[in-house]
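A structural walkthrough
Read off the chains here:
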Amino acid sequence: MTVSVPHPGRRRFLAGAAALGALGPAGLHAQPTPLRMRCSFDDQVITYTLLDNPTVRDLLSLLPLDLTIEDFSTNEKIAHLPRRLDEGGFAPFDDETPGDLCYFLGWGNLAFFHDSYRFRNDLIRLGHIEGGVAPLLHKGRYALRLERLGESAERP
């Protein structure tokens, strides 16, 4: 006696294989959406790609925020936060770059670097600007709006 085992048709097999192929490595191992933040002041809009560390996550938990941004020294703008952030993102670095966004441990403020600077065990790097630093060269003191961007905006 021969037992007949039903085989899926060719079309069904190909459709299933195509569906699995559509997932590919990216679908099976989806990369998290990058953490991003928009900073708007006067007529300037800046977007930062953020690192994923406890300090950044604490900052994101405060957003949206309305602050004041102002020039400080010759190489940065600063904005004072309503409270200190978690300092768990501290890690020494030696590749300082204009366009970095940092948290200054001394005062608990954000530092938006538009020129060269040095890490001296007093900064936590939060991220880097997307595009050039030209918007940060806009001199003055302005109302600043910080907002989270992207699909991951729903998660702190």
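Just so we're clear, the structure is a prediction, and the values are computed from it rather than from any experiment.

Here the focus is the environment of Glu76. Relative to the helices and strands, Glu76 is located in strand S4 (residues 76–80). Note: C-alpha distance between Glu76 and Asp115 (39 residues apart in sequence) is 6.8 Å. Dropping the residues within four chain positions of it, Glu76 is found in contact with Glu70, Asp71, Ala111, Phe112, Phe113 and His114.

This paragraph deals with the confidence of the model for the chain. Counting all residues, the mean pLDDT for the chain is 85, and 76% of those residues have values of 70 or more. Low pLDDT, under 50, characterises residues 13–28; the stretch is placed with 1 contact to residues that sit more than four places away or in other chains. Below a pLDDT of 50 lies the segment residues 152–156, which in the model reaches 6 contacts outside its immediate sequence neighbourhood of four places, other chains included.

Taken in spatial order, the 8 strands close into a barrel running S1-S2-S7-S5-S6-S4-S3-S8, and their pairing is antiparallel. Taking the axes of each pair of neighbouring strands and ignoring which way they run, one obtains an average angle of 35° across the sheet. As paired elements, strand S2 (residues 44–50) and strand S7 (residues 123–130) share 4 bridges and run antiparallel to each other. If you follow Thr49 over to S7, its bridge partner there is His128. Helix H2 (residues 54–62) contacts strand S1 (35–41), S2, strand S3 (65–72), strand S5 (100–104), strand S6 (109–113), S7 and strand S8 (142–149) of the sheet and is inclined by roughly 65° relative to S7.

Rules behind the numbers
- Residues numbered from 1 in each chain as written.
- Predicted model: local features only at pLDDT ≥ 70, side-chain atom pairs only at ≥ 80, totals over all residues.
- Heavy atoms only, no water.
- Helix = DSSP H or I, 4+ residues; strand = E, 2+ residues; numbered from the N terminus.
- Contact = heavy atoms within 4.5 Å.
- pLDDT = per-residue confidence, 0-100.
- Pairing = 2+ DSSP bridges.
- Axes fitted to C-alpha atoms, helices over the stretch in contact; angles between N-to-C directions.

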